[in-house]
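Okay, here's what each chain looks like letter by letter:
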Amino acid sequence: MAGKAVLGAAIKVLLQNLISILREQISFFGDFNEDLKRLKVSISTIQSFLNDAEKKQFTDETVERWLRNLKRVAFDAGNVLDELNYQLLSKKLHTDNTTKTKVRGFFPHNIHRLEMARKVNDIIKNFEEINDEARKYGLQNALDADVNARFDGIGPSAGLEIDSFSIDTIFLARENDVSEIVKMMTTLPNDQVLSILPIFGIGGLGKSTVARQVFNHEKIKTHFAKCIWVHVSENFDDTILFKKILISLTETNAEFRNKQTLLETLQRDLGTARFLLVLDDVWNDSKEKWDEFIIALIRICSATGNGIIVTTRRESVASLVTTLPIYILNNLSEDECWSIIKSKVVGEGNIPSEFETIGVCIAKRCRGLPLAANVVGGLLRGKSIDDWLFVEKNWVSDIGDEKSVSNILKLSFDHLSSPSLKMCFAYCSIFPKGFNFEREKLVELWMAEGFLGGNDDMEIVGYEFFNLLLQNALLLQFVLTKVYHNIMYYNMHSIVHDLASSILNLIDQARYIGMQSISGESRVMPKEQASCLRTLLFTGKICDLIFSEFKSLHVLILNPGDGVSNVVEELPSSIRELVHLRCLDVSGRRIMCLPDSIGELYHLQTLRTYAYLKKLPNTLKDLISLRHLHIRRGIKLPPEMGRLTSLRTLQYFGVGDEKGRRIGELGSLKNLKGELEIYNLEMVRDKEESLRAHLFQKPNIVKLKLEWGFENREGENNDENVLEGLQPNPNLKSLCIRRFGGRRLPSWCSKMSGLNNLTEITIEGCTECEQVPTLGHLPHLKNLYLISLENVESIGLSFYGIDKYGSTSSNTCVTVFPALERLELFNMSKLTEWLEAELTPNATENRRPSDRVVVFPCLEHLMVKDCKQLTSAPSHFPWLKELEISQMHNGLPLVSICGVELFSLTRLRIDSIDGLVCLPDWLFRNNRNLMWLQITHCSRLRELPNDLYSLVALEILSIEYCHNLKTITHPHESNSAQLLGLTCLRELSIRGCRELTNLPSEMMDSCASSLEKLQLFELSKMNMEMLIGSLQKMSLVDAILKASPKSLRKLDLYGTHYSQYLPNQLQHLTTLSELCLWDFGEMEELLEWFGNNGNNLCSSLQKLTLCYFKKLRRLPSKEAMLRLSKLRYLYIYDCPMLNLKRIRDGDDSEWPKISHIPYVSMNGIRIPTNAH
């Protein structure tokens, strides 16, 4: 039903595109004016038959064949009109601007004109025959009311903001499931390399959604060093899976000669980190394939306690993979389904009772499936009571659970608001299941295929369509964490993908090919198919593409693939033959330069390149239809970019000093949107020239970066005048100014006049600037970065935007920086004072008790770094969670910032504060939710407050190179019962504190059950004959190890040149997987107990590192080494007396003892073993 319905939708889109072209361009085609008018009449007549044909196709096969024939003719007609328009664009481009509006005789050769005339007459004839057939089949003439409306019309809710759906509404009923799974995954047994939890349930229960919420959970991110997400689907190939894992880890797509090389690379990237791997949508129930994958994965793991989550619809898969109890995701209750529907329809609002009555009945039909509730909620949003009744009446849901989801999906699809929107949905299925979409890229593809019309607002229509698909749960939204930032991605549920794919198949999937490789003898695409292909996602070698065969291509994406990832390729000049091409993406290939013929692609709307591209051709200026140019920073732009007046996306513009490359080229690019970075501003002469960029007239630019070069520009410069002329539009949201050389910011910038929409400001490297701008009044500012303002001496009242003389009105309450969440001050070498915000700065002025200032009410993150001269700072940070303060001489700013009213800290880093002698007494007592504490290189710090032991939430504690720290005391006062100890501590590192004399055993006792990582070294003055640094006496070390036998996973022990023995308690650590021993200078052999039968290390140790054992000659016996059954990695550095050469007659080698270990290296060089 949905497939046949979309056939009519596809035809409507094609015909509407033809009508639009004819309506807008018919007067320009002088040679074919009358013929094209006749064609327009014929197409308009056909449009009037479409509504009746769509209804009758379900019962009359001849009408269905009529529609399919009409679709083919419409595609051909589109190509012909495209060719005509191509010639017109070519003529316009090469004709003087004074040419008359009508262009007659524009074909360069009479033969070509005759050929085009024949093609036009052929399509006119075909359409007239189709009209005759329509009358013959008795189709009724009834014009669709939408034909003359704005392109395709948008539904009533298309303009709704979709950000509220960033948390999938399915999650509303799955909080308990997520919490339970998080708890399971963060308490995995440390003596197991891998623990596998299958999440099982039928399609639509929310398995992937739950897994995604677990994956992004803060506790998971804290517990696992690396988190990897891989979509598997039906094709279970272990080599492909390992490659996907590596891509997820490294965010690069490298090529490997064989599986072994891939595994070795993956092993290096995993390192010794504990990881979580999610395998989403697994269908494979072959034990052989699963074992092959999991055994290979175990072999490259260097840590224990790793977790795998597998989502699957098959119980046989869950039973095959599990090492933990299968987590069965249950159906929701009817009330929970209704909550999802209601949330989707009205959000937090109320719903009228008459709607609720019908809605509760619809919720019953969801059969407990959150996907069904999510989809039907999107379908009902903004609809009338009659629409609700229609859904309640027509949704058949009693034929099986997954069938129920499919039925409501089809119903939702049928109710999409326009034919073009239906085509956009079906088109998404050209990508494989689990593919992550980026919104902008997908909209560019829809635009290239003509689904968004041909007007100036195509992108706006595309974003509206995208939002509608999100609203109807036909696309799902999630956040993916990259190396430096989070990126919003979208994908399709596998059941939704099945529907979209089935629809595209019924339309004409042969015209859209995804992920295709065509090469040599394995050619799989006949010329006939190539000639009608419109989209090609190509993974083969470029040299195997014969562009002349792809006469209809609109989209060409050259994706990375096996055999091409590391190969430098060229794009041939024959690319010019793709005259219909709208989107060209070469970002997945190593292409150094583009041919000049690229400038002949006059229809090209989108060009995506990547880092390998070194230059753009000078003919780029001829791409007069280009709307989106995606390039890397630093690439030299060709001259006359200002001719690309259709351009919307241009992220980088490097100013040149020659004609055609100056900043004035930006002036004519009035449609620029999104991000724009202008660099080399030292090339701009004055304000008059900078004004030619017309930045103020560009309302769609929301992120602007203005940057001067690194060149030494001593003496006078015109930076102040240049910046004055670069005032942006008030719609701007993000502003960055780098290396501005003026002493004062211009007026618009010093007060950010009119820029009330700013959410982020960065001012960096402006070394001559003497004052920070006034920013406290900006209502939406969230992030502020002041970096390397080396001439600023004071941050005063002007920074807050408070009237210097106070207020004269009654009951004054001023809020400054009302939305600021993150503030960073870095490398401000002359900054001496940072003043409080006050209405009246002088005590002598008349100040009423009712006058007050609210400062930083939302600030959560503060960094003050390398401001060495700073002596004062504010004290009002009521909601501060993360504080990093470092590299300054005076400790007073720390004391002030951590005032008695600060109770919210969760993360604190104190580094290199020379004048800090002690921490404020109240700091730990007031901030008991502190989870992360690091104190380093504070040379005068002598002691820590007793309240350290009140930090019951502390997970990571690091105290390093505080050379005068003498004691970490444990209180014995009467109130010490309130000090519960460091019961959550997972990692403890104390190093380089050479005056430390006391490490209380109570401290270690309190964290014994939670401690996973311990580093203690360079503690040379530890008293009570407990010299941890030298390890000459083992009583304290043994006590520590004895206290932590069931939690410690990684241990580093540092000895001295005189150390001879290891602590006996090592052999009792049941969960230790990594052991690193440093500098045991007097040890000549590792004792036999290291591998004794009763030794717990035998069953847990996987990685052993020995460094700087100057006298070590002997390892434990071969039998003892063999008992270390889990040991897979042995690293040895600078052990000159240890002989690991392969044994020969007379050799005194330890090689036989380690010959069974898979990976052994000595001084960075791998040693071959029998297991290698």
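Remember, predicted model here, so these are calculated numbers, not experimental data.

Calculation criteria
- Residues numbered from 1 in each chain as written.
- Predicted model: local features only at pLDDT ≥ 70, side-chain atom pairs only at ≥ 80, totals over all residues.
- Heavy atoms only, no water.
- Helix = DSSP H or I, 4+ residues; strand = E, 2+ residues; numbered from the N terminus.
- Buried < 20%, exposed > 50% of the residue type's maximum accessible area, 1.4 Å probe, protein only.
- Areas by Shrake-Rupley, 256 points an atom, 1.4 Å probe, with all protein chains shown as cover.
- Pairing = 2+ DSSP bridges.
- Contact = heavy atoms within 4.5 Å.
- Axes fitted to C-alpha atoms, helices over the stretch in contact; angles between N-to-C directions.
- Parallel < 35°, antiparallel > 145°, perpendicular 65-115°, else oblique.
- Left-handed = near helix turned anticlockwise from the far one by under 90°.
- Nonpolar A, V, L, I, M, F, W, Y, C, P; charged D, E, K, R; others polar.
- Salt bridge = Lys/Arg side-chain N within 4 Å of Asp/Glu carboxyl O.
- Phe/Tyr/Trp six-rings, centres within 6.5 Å; stacked < 30°, edge-to-face > 60°.
- Lys NZ or Arg CZ within 6 Å of the ring centre and 35° of its normal.
- Expected span 1.5 Å × (residues − 1).
- Polar contact = N/O pair within 3.5 Å; in protein donor to acceptor, adjacent residues only side chain to side chain.
- Core = buried A, V, L, I, M, F, W, Y, C linked by side-chain atoms within 4.5 Å.
- Right-handed = clockwise from strand over helix to strand, strands pointing away.
- Disulfide = S-S within 2.5 Å.
- pLDDT = per-residue confidence, 0-100.

**Student:** What should I look at first to understand the overall build of the protein chain in this one?
**Tutor:** Within the protein chain, the regular secondary structure consists of 31 helices and 40 strands. Taking all 1172 residues of the protein chain together, 55% fall into the buried category. Surface exposure of the protein chain reaches about 49300 Å², of which carbon and sulfur atoms provide 48%.

**Student:** Would you mind going over the sheet that holds strand E5 (residues 327-328) with me for this structure?
**Tutor:** Within a sheet, each strand pairs with its neighbour through backbone hydrogen bonds, oriented either parallel or antiparallel. Pairing is parallel across the open sheet formed by 5 strands, whose spatial order is E2-E3-E4-E1-E5. Taken across any chain shown, the strands that pair with only one partner, and hence form the sheet edges, are strand E2 (226-233) and E5. With 2 bridges joining them, strand E1 (residues 194-200) and E5 adopt parallel strand pairing. Bridging from a neighbouring strand, Phe 200 pairs with Ile 328 of E5. Its contacts with the sheet place helix H6 (residues 207-215) against E1, E2, strand E3 (275-282) and strand E4 (306-312), and it is angled at close to 165 degrees to E2.

**Student:** Even after reading the chapter, I still don't get the packing of helix H5 (residues 175-185) against H6, so can you show me in this structure?
**Tutor:** Axis angle and axis distance: for two packed helices, these are the angle between their axes and the distance between the axes, and together they describe the pair. Close contact between H5 and H6 brings their axes to 9 Å; oriented N to C, the two are set at 55 degrees. The angle between H5 and H6 places the two elements in the oblique class. The element H5 and its partner H6 pack so that their crossing is right-handed. Where H5 approaches H6, its residues Asp 177, Val 178, Ile 181 and Val 182 are matched on the opposing element by Val 210, Gln 213 and Val 214. Among the residues making up the contact of H5 with H6, the classes are represented as 5 nonpolar, 1 polar and 1 charged.

**Student:** How should I be thinking about the pairing of strand E21 (residues 760-764) in this particular structure?
**Tutor:** Look at any regular strand and the pattern is simple: side chains alternate between the two faces of the sheet. Bridge count for strand E20 (residues 734-738) against E21 is 5 bridges, and the pairing is parallel. Its bridge partner being in E21, Arg 738 is matched across the sheet by Glu 764. In this sheet, strand E22 (residues 783-787) lies alongside E21 in parallel orientation, the contact comprising 5 bridges. The residue bridging Thr 762 from the neighbouring strand is Tyr 785, located in E22.

**Student:** Got a minute to help me understand the pattern of salt bridges in this structure?
**Tutor:** Oppositely charged side chains are able to pair whenever their charged atoms sit close together. Per the stated rule, a full pass over the model turns up 50 salt bridges. Here Asp 498 ties to Lys 433 by a salt bridge, and the two come within 2.8 Å at their closest N and O atoms. With Asp 498 in helix H20 (residues 494-508) and Lys 433 in the loop between helix H17 (419-427) and helix H18 (439-448), this pair connects stretches of sequence that are 65 residues apart. Look at Asp 498 and you get partly exposed, because its relative accessible area is 37%. For Lys 433, a relative accessible area of 18% corresponds to the buried category.

**Student:** I'm lost on the packing of aromatic side chains in this one. Help?
**Tutor:** Two aromatic rings are characterised by how far apart their centres lie and by the angle between their planes. Considering all chains together, one arrives at 29 aromatic pairs under this definition. An angle of 50 degrees between the planes, with centres 5.7 Å apart, marks the rings of Trp 290 and Phe 293 as tilted. Residue Trp 290 and its partner Phe 293 are located together in helix H10 (residues 287-299), separated by 3 residues, close to a single helical turn. Residue class for Trp 290 comes out buried when judged on its relative accessible area of 3%. Aromatic side chains Trp 708 and Phe 740 sit 5.5 Å apart centroid to centroid with 65 degrees between the ring planes, which places their arrangement in the edge-to-face category. Pair noted here: Trp 708 is in the loop between strand E19 (701-707) and helix H23 (719-724) and Phe 740 is in the loop between E20 and helix H24 (747-750), with a separation of 32 residues, a long-range link. We classify Phe 740 as buried; its relative accessible area is 1%. Of note, Lys 422 hangs over the ring of Phe 413, and the distance from its end group to the ring centre comes to 5.7 Å.

**Student:** Just to check I follow, could you spell out helix H8 (residues 238-250) for this structure?
**Tutor:** For the α-helix, the turn length of 3.6 residues means that residues three or four positions removed from each other point alike. Here H8 contains 13 residues, and its C-alpha end-to-end distance of 18 Å stays within 8% of the 18 Å for a straight helix at 1.5 Å per residue. In the core, the buried residues of H8 are packed alongside E2, helix H9 (259-270), E3 and H10. The backbone nitrogen of Thr 239 has a side-chain oxygen 3.0 Å away, supplied by the residue at the start of H8, namely Asp 237.

**Student:** Just checking my understanding: could you explain unusual backbone geometry for this structure?
**Tutor:** Peptide bonds are mostly trans, and most non-glycine residues show a negative phi. Positive phi outside glycine occurs at Ser 233, with the angle close to 65 degrees. A positive phi angle is found at Ser 912, which is not glycine, with a value near 55 degrees. Considering the arrangement of structural elements, one finds Ser 912 in strand E30 (residues 907-913).

**Student:** Just checking my understanding: could you explain the packing of helix H12 (residues 334-346) against helix H14 (residues 370-380) for this structure?
**Tutor:** Running from N to C, H12 and H14 point in directions that differ by 30 degrees, and their axes come no closer than 8 Å. Where H12 crosses over H14, the two elements pack in a sense that is right-handed. Taken together, the residues of H14 that come into contact with H12 (itself represented by Cys 337, Ile 340, Ile 341, Lys 344 and Val 345) are Pro 370, Ala 373, Asn 374, Val 376, Gly 377, Gly 378 and Leu 380. Looking at the contact of H12 with H14 residue by residue, the classes come out as 8 nonpolar, 3 polar and 1 charged.

**Student:** Sorry if this is basic, but what is going on with the nonpolar core here?
**Tutor:** Among the nonpolar cores identified, the biggest contains 183 residues, and Leu 556, Ile 678, Trp 834 and Ile 968 are the most heavily contacted of them. Residue contacts for Leu 556: discarding those within four places in its chain leaves Leu 536, Leu 545, Phe 547, Ile 575, Leu 578, Leu 581, Cys 583, Leu 584 and Asp 585. Of all hydrophobic cores here, the second largest spans 133 residues; its members include Val 80, Tyr 327, Phe 451 and Tyr 512.

**Student:** Help me out: how do you make sense of the pairing of E4 in this one?
**Tutor:** Of all 7 residues that make up E4, 7 are buried, and the element is covered over most of its length. A two-sided burial pattern is seen for E4, the buried positions comprising Asn 306, Ile 308, Val 310 and Thr 312 on one face and Gly 307, Ile 309 and Thr 311 on the other. Bridge count for E1 against E4 is 7 bridges, and the pairing is parallel. Across the sheet, the residue bridging to Ser 195 is Gly 307, located in E4. The pairing of E3 with E4 spans 4 bridges and is classified as parallel. Residue Leu 276 lies in a different strand from E4, and its bridge partner there is Gly 307. For the crossover that starts at E3, traverses H10 and ends in the parallel E4, the hand is right-handed.

**Student:** What should I look at first to understand the state of the cysteines in this one?
**Tutor:** A covalent bond bridging the sulfur atoms of two cysteines is what the word disulfide describes. Within the structure shown, the criterion is met by 0 disulfides. We note that Cys 428 lacks a disulfide partner, and the nearest cysteine sulfur, in Cys 424, lies 7.4 Å from it. We note that Cys 938 lacks a disulfide partner, and the nearest cysteine sulfur, in Cys 962, lies 5.0 Å from it.

**Student:** Honestly, the environment of Val 193 in this entry has me stumped. Any pointers?
**Tutor:** Positionally, Val 193 belongs in the loop between H5 and E1. For Val 193 and Gln 1102, which are 909 residues apart along the polypeptide, the C-alpha to C-alpha distance reads 9.4 Å. In contact with Val 193, not counting residues within four places along its chain, are Ile 298, Cys 301, Ala 303, Thr 304, Gly 305, Asn 306 and Gln 1102.

**Student:** I'm lost on H12 in this one. Help?
**Tutor:** An ideal rise of 1.5 Å per residue puts 18 Å on 13 residues; H12 measures up with 18 Å between its terminal C-alpha atoms. Taken together, the buried positions of H12 are Cys 337, Trp 338, Ile 340, Ile 341, Ser 343, Lys 344 and Val 345. Residues of H12 that are buried sit in contact with helix H13 (353-364), H14, helix H15 (385-394) and helix H19 (458-471). With its phi angle positive at about 65 degrees, Gly 347 sits one or two positions after the end of H12.

**Student:** Honestly, the side chain of His 223 in this entry has me stumped. Any pointers?
**Tutor:** Relative to the helices and strands, His 223 is located in helix H7 (residues 218-223). Under the relative-accessibility criterion, His 223 is labelled buried at 13%. Not counting residues up to four positions away in its chain, the partners in contact with His 223 are Met 185, Thr 186, Arg 274 and Glu 1012.

**Student:** I tried to follow the environment of His 889 on my own but got confused; where do I start?
**Tutor:** Following the sequence through the fold, His 889 ends up in the loop between strand E29 (882-888) and helix H26 (892-897). Taking relative accessible area as the criterion, His 889 reaches 39% and is therefore assigned partly exposed. Setting aside anything within four residues of it in sequence, one finds His 889 in contact with Lys 868, Gln 869, Asp 914 and Gly 915. Side chain to side chain, His 889 and Asp 914 meet in a polar contact 3.1 Å long.

**Student:** How should the confidence of the model for the protein chain be read in this particular structure?
**Tutor:** A low pLDDT score tells you not to read the predicted coordinates there in detail. For the protein chain, mean pLDDT is 84; residues scoring 70 or higher make up 85% of the total. Note on residues 145-167: pLDDT under 50 across the span, and 46 contacts to partners over four residues away in sequence or across chains. Per-residue pLDDT stays below 50 along residues 804-809; that stretch engages in 14 contacts with residues further than four places along the chain or on separate chains.

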